[in-house]
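Fold and geometry: a report
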Amino acid sequence: YLARGPRFRLPAEQLRDAALSACGLLKPVIGGASVKPYQPAGLWEDNGTQHTYEQDKGSKLYRRSLYTFWRRTCPPPVMSVFDAPTREFCRVRRDSTLTPLQALAMLNDTGFIETARVLSERLVRENPAAHQDANRVTAAFRLLIGRPPSATQLKSMCDLIAEARSYYVGQPEEAKKLIKNAGESPTDSTLQPTEIAATLLMARALINSEPFIVSY
C-alpha cells in the first residue's frame, strides 16, 4: 500500500531455475562444462544442424540454465519461447512478450511437468491424507509464490485437487502414465499415483500462474 514498482515476467533462464529451485531439483554447482537438458526429440536433426542431440542424464539435467548448451542455429526451444536472444548478435535489452505458446510450454514441457511432479510428491509425503489438501495448497503457495493463498485461491486449488482425484481414481492408468512421463528423476513408489497426479495438476497450475512467472 505504500509503494509500487513495475512488474516484469522472469527471463527464460530465471523462470526455469525458479521452478527447479522450488521443487528442490536445482543443482547449484558452479562451473563446469555445458549441459544438455530436455528438449523435443529430433529437433537438431530436423533443423539441419548436422549434429545429434544427446540429452544428459542425472544431475546434469538440473544444472542452472546458465550452463545449458546453446547452438545458435537451433537454440533451446523453451528459452526461445520466452524471448531469449539467439546470440547471433548482441542485444542491449530483451523483448518481453506474453503469448499462448508460453502457457503451452509451461503446461507441457517435460522439465516443468517434472518440477510439478517432484513438488507434488513432497506435498503428498508431508500431507498424506486426502483431507489435508488445504495444507498441500498452502505449502505449494509458499514454495512457488512466497506467500499463503487467499481464501478464494485456497478453495479453487482444493477444488482442483478434489476434481482431479475423482478422475484419477476412476482412471488409475492415466495417473501412472502422467507420472511416468514427468521427467527422469526417481519417483517415490511408496506414494499413491492418484494422489501424486491430482496434486501435480494443482502444482502445474501454480507454476503457470502470473504470480509465479512475474517478478513484482
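Check the entry above for the structure.
This text gives an overview of the structure that appears in the document. What you are looking at is a predicted structure, and each value in this text was computed from that prediction instead of being measured.

1. Description of the nonpolar core
Within the largest apolar cluster, 47 residues are counted, with the highest numbers of intra-cluster contacts made by Met106, Leu144, Met202, Leu206 and Phe212. With eight residues, helix α9 (residues 193–207) is the single largest residue contributor to this core. Sequence-distant contacts of Met106, that is, excluding residues within four places in its chain, are made with Leu15, Phe82, Phe112, Arg204, Ile207, Asn208, Phe212 and Ile213.

2. Here we look at α9
Each α-helix winds once per 3.6 residues, and so residues spaced three or four apart point in a common direction. Here α9 spans 20 Å end to end across 15 residues, near enough to the 21 Å set by a 1.5 Å rise per residue. With respect to burial, α9 is a largely interior element, 13 of its 15 residues being buried.

3. Examining helix α4 (residues 100–108)
For α4, the complete set of buried residues consists of Gln102, Ala105 and Met106. Summarising the axial view, the buried residues of α4 lie within an arc of 95°, below the 170-degree limit, and thus occupy one face. Along α4, exposed side chains directed more than 90 degrees from the buried face belong to Pro100, Leu101 and Leu104. The elements touched by buried residues of α4 are β1 (8–9), α1 (12–23), α3 (77–81), α5 (110–126), α9 and α10 (210–213).

4. Observations concerning the packing of aromatic side chains
This structure, assessed with the given rule, holds three aromatic pairs. Between Trp44 and Tyr53, the ring centres sit 4.9 Å apart and the planes meet at 80°, which makes this aromatic pair edge-to-face. By the burial criterion, Trp44 is buried, and Tyr53 matches it. Centroid distance Tyr167 to Tyr168: 5.1 Å. Interplanar angle 70°. Geometry classified as edge-to-face. A relative accessible area of 8% means that Tyr168 is categorised as buried. Three or more aromatic residues joined by ring pairs form one cluster here, namely Trp44, Tyr53 and Phe69. Taking the ring centre of Tyr53 as reference, the NZ or CZ of Lys36 above it sits at 5.9 Å.

5. Comments concerning the packing of helix α8 (residues 172–180) against α9
Two elements in contact, α8 and α9, have axes separated by 8 Å at closest approach and are oriented at 65°. Two packed elements cross with a definite hand, and for α8 against α9 that hand is left-handed. Contacts between α8 and α9 involve Ala175, Lys176, Leu178 and Ile179 from the former and Pro193, Thr194, Ile196, Ala197, Leu200 and Leu201 from the latter.

6. A short note on unusual backbone geometry
Of note, the phi angle at Gln50 is positive, near 65°, even though the residue is not glycine. By secondary structure assignment, the location of Gln50 is in the loop between α2 (43–46) and α3. With relative accessibility at 78%, the residue Gln50 sits in the exposed group. Phi at Asp83 takes a positive value of approximately 70°, unusual for a residue other than glycine.

Conventions and cut-offs
- Residues numbered from 1 in each chain as written.
- Predicted model: local features only at pLDDT ≥ 70, side-chain atom pairs only at ≥ 80, totals over all residues.
- Heavy atoms only, no water.
- Core = buried A, V, L, I, M, F, W, Y, C linked by side-chain atoms within 4.5 Å.
- Buried < 20%, exposed > 50% of the residue type's maximum accessible area, 1.4 Å probe, protein only.
- Helix = DSSP H or I, 4+ residues; strand = E, 2+ residues; numbered from the N terminus.
- Contact = heavy atoms within 4.5 Å.
- Expected span 1.5 Å × (residues − 1).
- Arc of directions from axis to C-beta.
- Phe/Tyr/Trp six-rings, centres within 6.5 Å; stacked < 30°, edge-to-face > 60°.
- Lys NZ or Arg CZ within 6 Å of the ring centre and 35° of its normal.
- Axes fitted to C-alpha atoms, helices over the stretch in contact; angles between N-to-C directions.
- Left-handed = near helix turned anticlockwise from the far one by under 90°.

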